[in-house]
Amino acid sequence: MFDAMMEKILVMNYKLIFVYFLLSILGILIIYSADYNTALGHVNKGYYLRQIVFVLTGITLFFIFSFINYRLWIHFALYIFIFGIGLLLFVLYFSPPINGARSWINVGFFSLQPSEFMKVAAIILTSTMFLNYDGRLLGFLGVARYSIPVLVSVALIILQPDQGTALVYVLMFGLLILAVGLRLYVLLSFGVLTLLSLPLVWSLLKPYQRERVMVILDPGRDPFNAGYQVIQSKIAIGAGGIPGKGYLEGTQSNLNFIPYPHNDFIFTIAAEEFGFIGSVIIILLVLFLIYTVFISAYNVKEMPAKVIIICTATLLLTQFIVNTYMVLGLIPVIGIPFPFLSYGGSSYLTFAILLGIVHSIHISRRLQV
Amino acid sequence: MQLPVLKDEDSDRLRGYSYYVIYIAVFLTLILIARLFFLQIYSHKYYSDLAENNHIRILPIYAERGYIYDTNGELLVSNQPTFSLHLPLIREEDVSDILRRISEHVPINMTSAIESVKSATYFYPAVIAKGLNFTQVSYFYEHKNEFASLIINNEGVRKYFYPQSMTHILGYVGEVSKATLSLSDEFRPGDSIGVNGMESYYDRILRGMDGAMQVRVDSRGRRLGILSQKDPQQGSDIHITIDAELQKYAYDVMKRRNETGAVVVMNISDGSLLTLFSAPTYDLEQFTPMVDTDYLRTIRAQENKPFINRAISSAYPPGSIFKLWMLAGGLNDNVVTTETQFNCRGVFTYSRTQSYFCWRRSGHGDVSAVRALEESCDVYFYNLGLLMGIDTINKYATNYGFGNRTGVDLPSERKGFFPSKTWKEDRGGVWFPGESIITSIGQGYITTTPLQIAVSTAALFNGGTVYTPHILKKVVEPEMNERYGPKNITLNLSYPRAARVVEGMNNSSIEAVREGMFRVSNGKRGTARGYKPKGVVIGGKTGTSQVVSLEAVAKYKKDEIPFNLRDHGWFVAIAPVDNPKYVITVFAEHGGSGSGAAAPVARSMINKMVAMGYFEADSEE
């Protein structure tokens, strides 16, 4: 028993653990700064304390999932997925809307966001569908079949409504099938279809959503809401310069210019205080984490395991890109958290669990079990 | 536990494809870094200046709320300009100081103002006072430097032209509640929102969309210039079907007679409402420029509940007016014919222990359909109800709209209630024949609203269409600011709209009801023969519904019964009777009786309508 444990500990992926820990600690530090009031000399709400609890819980979950054989999840994939669907239905019917969306279950200490945890369930079920994958490139039928778990989740999340999170699911899946390999005609038709559907999507968007898109082209047109955040975010980042203003010295964010900076706009704080150099270092750290996850799929022979790894990597990539593009004013504000850095239990724990499963695949492969 | 494994060549192929994702990741990251380079290095000085030397504030530019007009285009509600004071989040010790100095010139609520400022942000100042006139704010304009961070803004508030007679229809405008704020990000603290009546129901249409401007201020909070501005989108005007003069007349009549209750005048052939009045009313003037909370508390505590719109928001037993649908249904189902007679000796004995009295204890003798309506003979309907059974009664009543919301375009409508056998059995009870008997004269479990009566009566005489009653005539949109697109309005604004059509009614049943109603008002023994209006021939039906059992009031002399125990009076009229255009429903809460309290009001209303020319086209025909 003890030996088996030692064996596992010896083959752990220390690069992965190192980057993961580093990002988590950085997250706590930046959240502390986001909440820090320069005038008062102390933090306002103490989000960082809660984030510490999330991080400790997340690290525990990461190791628990690392040491559980990942094949167990594949075995119970359908039940896990049904449970997730149950939670999503629960929020739709029983949760009071917060800011117009029914996305949270209040469990006292914190608000649970089922659409985050659903990512784990959807990824596992998708991977299970690849159990008897024959190695061929995907045609239309294949894509349609494999997309079922994601589409079901997306449908329920759109009803909340939380289009931003739904979009993350779709992009994650898109990158997955690209990595698995598409037949040329499928790839081309998706490309053409996307272009053709843009006007249709535009007509389906609610006026406020169109407004958010337009704000990107012309931030001045809505100085009240989305445009305001983007303008302030850009000012803060630009003011950071090359070296940054220094930790806890970011005036833009600390003076409450940016609403909820500890959440989706956490990268703004980092960029303002750590400057261009710090921002690039953070970007490289995240890229390194994604790369470490991604290449661990190469030597895995079981297709479901490969799929779980690729999905985790593409999910990290999607959220990282969407979030940073959003705070830099390149795409509309759609409320996607930065992986590991943004304040929030549901998002953090979801990524911790996924990394844990990826890590468990790594350990199994090294031990040849 | 083992899973199937991939062949080596497949695994290699996958490895090759997965590089695409890495290329994409690298490409997207390069864009990201380029953007960072642009913001943090290339444009650093520009953004640094913006951050260091200026502060940015966001001020709302309030959208003007839409006006409301009556059916003849007469202005009912418009706006008058006022000023509001805003304060951004400033150092805590400065807050109470500036608020104290402000309060020397205008009345402000210190505790709530301090609270609002604390929860405000630098960019979005809190509203600390609203509805001020120019004299009140002129001091602040003259002493700008002493009130550096104070911001004065313009806002229109409501101006009412019929503050008493239109109360329940219009509703008023108040400050958005904390509950609403937490539910929706559409509003900000201090925003206005419609409360009650049309102001609430059509809030989205009337409200428009606030604009905003982004202003640069210096370190002391003084305004340096406007960075960008989003123009407000003015609210749409609404024209309603209500005739303000007639509505005002209803108010005058009810007030003069000191009645509590409701008056409804509706167009039979499209469901448009000319009058929808509820008494008592309250004074809308007390809600502008700001809601007078003392007044609000007073009328909320008042025993006669002026807040309730009695025409739609409160349900009462209909009493004898329900006999109209009893007769129509009974004849239509061939339970009786117009010739069928029942003998009334003043009492109907169902069993040894169960006797039901006619309102006329001396009896009506042999009574057939038309006379039963004319004299409102209870015993006739006891017999009819027993023969029909509750299921048939329920079928006709619910078809005509009883027990369902009419769907009128006002908030807080009550459904009323119509009993059925299954309803009682589902609750573990048994439906007794005696309950069918009292249902036949509109007593027992059945409740309805004055508007429901109007709609159901209209459906009897317009060929069976149960219209959705409405007060909306048209929405006049201001010139749309194309840039922001049309507003997200989910209301169905197309009228007239039929909720349902009652099928299979034969003409002769309806004609018998019409003849009965004609004789109520014009027959020599009609229960409302004393209240014939001049200039138009009407048909009517009186109703007197018991509030408590007869035993409970037996100890009082007739005119000494306490107000709250007195019977409700109802009167429903169709005019002109041979080709009805309008239905008039009067409800007199605790009025004593239909003929005594409700019919006179209906007569006054119809006389007024004649004088206003509502029936002129008819006389030409």
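Computed from a predicted model, the values in this text were never measured in an experiment.

### Section: the overall build of chain B
Part 1 of the reasoning: When helices and strands are tallied, chain B shows 21 helices and 22 strands.
Part 2 of the reasoning: Taken over 621 residues, chain B has a buried fraction of 46%.

### Notes on the overall build of chain A
Part 1 of the reasoning: A count of helical and extended segments in chain A gives 16 helices and four strands.
Part 2 of the reasoning: When burial is assessed residue by residue, chain A has 52% of its 369 residues classed as buried.
Part 3 of the reasoning: For chain A, restricting intrachain contacts to residue pairs at least 6 apart in sequence, the fraction spanning at least 24 positions comes to 72%.

### Comments concerning helix α12 (residues 323-332) of chain B
Residues and elements named next belong to chain B.
Part 1 of the reasoning: Across the 10 residues that make up α12, a large majority, 10, are buried.
Part 2 of the reasoning: For α12, the full list of buried residues reads Lys323, Leu324, Trp325, Met326, Leu327, Ala328, Gly329, Gly330, Leu331 and Asn332.
Part 3 of the reasoning: Residues of α12 that are buried in the fold lie against α13 (369-374), α14 (378-399), α17 (450-461), α18 (507-522) and β20 (539-545).
Part 4 of the reasoning: Looking one or two residues beyond α12, the residue adopting positive phi is Asn334, at roughly 55 degrees.

### Digging into the environment of B:Met388
Part 1 of the reasoning: Mapping B:Met388 onto the fold places it in helix α14.
Part 2 of the reasoning: Contacts of B:Met388, omitting those with residues within four sequence positions, involve B:Gly329, B:Gly330, B:Asp333, B:Val335 and B:Ile393.

### Focus: the sheet that holds strand β12 (residues 273-279) of chain B
Residue and element names in this part refer to chain B.
Part 1 of the reasoning: If you trace the five strands from one edge of the open sheet to the other, you get β12-β11-β22-β21-β20, paired in antiparallel fashion. On the outer flanks of this sheet lie β12 and β20, each paired with one strand and no other. In this sheet, neighbouring strand axes are inclined to one another by 10 degrees on average, regardless of whether the strands run parallel or antiparallel.
Part 2 of the reasoning: Across six bridges, strand β11 (residues 260-267) lies against β12 in antiparallel orientation.

### So, the environment of A:Tyr146
Residue and element names in this part refer to chain A.
Part 1 of the reasoning: Along the chain, the position of Tyr146 falls in helix α7 (residues 140-146).
Part 2 of the reasoning: The class for Tyr146 is buried, based on 21 C-beta atoms found within 10 Å.
Part 3 of the reasoning: Once the C-alpha coordinates of Tyr146 and Thr128 are considered, the two residues, 18 residues apart in sequence, prove to be 9.6 Å apart.
Part 4 of the reasoning: Sequence-distant contacts of Tyr146, that is, excluding residues within four places in its chain, are made with Thr126 and Met129.

### Looking at the packing of helix α10 (residues 244-256) of chain B against helix α20 (residues 594-611) of chain B
All names here are of chain B.
Part 1 of the reasoning: Contact geometry of α10 with α20 gives a least axis separation of 10 Å together with a crossing angle of 150 degrees. As α10 runs across α20, the sense of the crossing is right-handed. For the pair formed by α10 and α20, the contact residues are Leu246, Tyr249, Ala250, Val253 and Met254 on the first element and Val601, Ser604, Met605, Lys608 and Met609 on the second.
Part 2 of the reasoning: Residue composition of the contact of α10 with α20, by class: eight nonpolar, one polar and one charged.

### Examining helix α14 (residues 266-295) of chain A
Part 1 of the reasoning: Between its first and last C-alpha atoms α14(A) spans 28 Å; for 30 residues at 1.5 Å apiece the expected length is 44 Å, and the helix comes up short by more than 12%.
Part 2 of the reasoning: The sharpest bend along α14(A) measures roughly 130 degrees and falls at A:Gly275.

### Observations concerning the nonpolar core
All names here are of chain B.
Part 1 of the reasoning: Core analysis: the biggest nonpolar cluster contains 123 residues, and Val263, Val264, Met266, Ile584, Ala598, Ala602 and Met605 have the highest contact counts within it.
Part 2 of the reasoning: No other element matches the 10 residues that α14 contributes to this core.
Part 3 of the reasoning: Counting contributing residues per domain, this core is built from domain 1 (56-240) and domain 2 (248-279 + 312-464 + 502-620), each supplying no fewer than three.
Part 4 of the reasoning: With sequence-adjacent residues up to four places away left out, Val263 is seen in contact with Ala250, Met254, Thr275, Phe277, Val586, Val601 and Met605.

### Thoughts on the interface of chain B and chain A
Part 1 of the reasoning: Each partner contributes residues to the interface: chain B has 49 residues there, and chain A has 61 residues.
Part 2 of the reasoning: Those elements giving two or more residues to the side of chain B that touches chain A turn out to be α1 (8-42), α2 (44-53), β8 (211-217) and β9 (223-230) of chain B.
Part 3 of the reasoning: By residue number, the principal contributor to the side of chain B that touches chain A is α1(B), which donates 21 residues.
Part 4 of the reasoning: Looking at the side of chain B that touches chain A residue by residue, the class counts come to 29 nonpolar, 13 polar and seven charged.

### Let's talk about unusual backbone geometry
Part 1 of the reasoning: Cis geometry marks the peptide bond from B:Ala279 to B:Pro280; its omega dihedral reads 0 degrees.
Part 2 of the reasoning: With respect to the helices and strands, the residue B:Pro280 is situated in the loop between β12 and α11 (293-301).
Part 3 of the reasoning: Omega for the peptide link from B:Thr288 to B:Pro289 comes to 0 degrees, which places this bond in the cis form.
Part 4 of the reasoning: Counting through the fold element by element, B:Pro289 comes out in the loop between β12 and α11.
Part 5 of the reasoning: In this structure, A:Phe340 is a non-glycine residue whose phi angle is positive, near 65 degrees.

### Regarding the packing of α12(B) against α18(B)
Residue and element names in this part refer to chain B.
Part 1 of the reasoning: Across the interface, α12 lies against α18 with an axial gap of 8 Å and an inter-helix angle of 145 degrees. The element α12 and its partner α18 pack so that their crossing is right-handed. For the pair formed by α12 and α18, the contact residues are Leu324, Leu327, Ala328, Leu331 and Asn332 on the first element and Ser509, Ile510, Ala512, Val513 and Gly516 on the second.
Part 2 of the reasoning: When the residues that make up the contact of α12 with α18 are grouped by side-chain class, the tally is seven nonpolar, three polar and no charged.

### Quick notes on the confidence of the model for chain B
All names here are of chain B.
Part 1 of the reasoning: With 93% of its residues at a pLDDT of 70 or more, chain B shows a mean pLDDT of 87.
Part 2 of the reasoning: Residue range residues 481-488 is modelled with pLDDT below 50. Its contacts to residues more than four positions away, or to other chains, number 11 contacts.
Part 3 of the reasoning: Interface confidence for the predicted complex, expressed as ipTM, amounts to 0.91; the pTM equals 0.65.

Conventions we followed
Residues numbered from 1 in each chain as written. Chains lettered and ligands numbered in written order. Predicted model: local features only at pLDDT ≥ 70, side-chain atom pairs only at ≥ 80, totals over all residues. Helix = DSSP H or I, 4+ residues; strand = E, 2+ residues; numbered from the N terminus. Buried ≥ 20, exposed ≤ 12 C-beta atoms within 10 Å, placed from the backbone. Contact = placed C-beta atoms within 7 Å. Pairing = 2+ DSSP bridges. Axes fitted to C-alpha atoms, helices over the stretch in contact; angles between N-to-C directions. Left-handed = near helix turned anticlockwise from the far one by under 90°. Nonpolar A, V, L, I, M, F, W, Y, C, P; charged D, E, K, R; others polar. Expected span 1.5 Å × (residues − 1). Bend = angle between axes of the 7 residues up to and from the residue. Core = buried A, V, L, I, M, F, W, Y, C linked by C-beta atoms within 7 Å. Domains from an automatic or database assignment. pLDDT = per-residue confidence, 0-100.

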